[in-house]
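# Architecture at a glance
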Amino acid sequence: GDYFRSWNIEQDALQFEDATVPPKHVMEQLHELLEQLQKDVQPSCNGMGSSVVIHCTAGLGRTGTCMGALAVEMTGIGGGPWLGWARIYRPGSVQTLQQERFLKTLGMTSMTTSGCMASVRRAMFTKR
């Protein structure tokens, strides 16, 4: 915690068991954090700003599953095509059959607002 704070990095733990899919409450927490981020930051014209990082212990199973769920909900890409793309660019992403099925069966039931979608698409932010 102190290491990240020394770099002005805020950290939130959204925990769920390894090799499983994110429970509904974890995805809701993630959406709330992204919506709060949108309220707290504004686009930067000088390239300085903030980023969002989602990571689990190894950065493969839970990370890939959460990122895939966000991609499906926010962009409309299918879970199968997203999974193929992710495994090309991050081999080993999404590690279990349960995680694969979760992504492949996600529909366009977005829990996000258009504002949240816009905040995720931006690469750079700066605090007000």
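In this report, the structure presented in the accompanying data block is examined. Everything numeric here is computed off the predicted structure, so don't read it as measured data.

## Quick notes on the pattern of salt bridges
Summed over the entire model, instances satisfying the criterion amount to 4 salt bridges. Here Glu 100 and Lys 104 are joined by a salt bridge, their closest N and O atoms 3.8 Å apart. A residue pair is termed a helical-turn pair when its members lie 3 or 4 positions apart in one helix, as Glu 100 and Lys 104 do in helix H5 (residues 97-105) at 4 residues. Bridged by salt links that share partners, the residues Arg 87, Glu 100 and Lys 104 form one connected network.

## Some words on the packing of helix H4 (residues 79-89) against H5
Put simply, H4 and H5 touch, their axes get as near as 7 Å, and they point 130 degrees apart. Regarding the angle of H4 to H5, the classification is oblique. Judged by residue contacts, Gly 79, Gly 80, Trp 82, Leu 83 and Arg 87 of H4 engage Glu 100, Leu 103 and Lys 104 from H5. Here the residues of the contact of H4 with H5 sort into 3 nonpolar, 2 polar and 3 charged.

## A few points about the packing of aromatic side chains
According to the stated counting rule, one finds 2 aromatic pairs in the structure shown. Centroid distance Trp 82 to Trp 85: 6.5 Å. Interplanar angle 45 degrees. Geometry classified as tilted. Note that Trp 82 and Trp 85 are positioned in helix H4 at a spacing of 3 residues, about one turn of the helix. For Trp 82, a relative accessible area of 10% translates into the label buried.

Reading the values: the criteria
- Residues numbered from 1 in each chain as written.
- Predicted model: local features only at pLDDT ≥ 70, side-chain atom pairs only at ≥ 80, totals over all residues.
- Heavy atoms only, no water.
- Salt bridge = Lys/Arg side-chain N within 4 Å of Asp/Glu carboxyl O.
- Helix = DSSP H or I, 4+ residues; strand = E, 2+ residues; numbered from the N terminus.
- Axes fitted to C-alpha atoms, helices over the stretch in contact; angles between N-to-C directions.
- Parallel < 35°, antiparallel > 145°, perpendicular 65-115°, else oblique.
- Contact = heavy atoms within 4.5 Å.
- Nonpolar A, V, L, I, M, F, W, Y, C, P; charged D, E, K, R; others polar.
- Phe/Tyr/Trp six-rings, centres within 6.5 Å; stacked < 30°, edge-to-face > 60°.
- Buried < 20%, exposed > 50% of the residue type's maximum accessible area, 1.4 Å probe, protein only.

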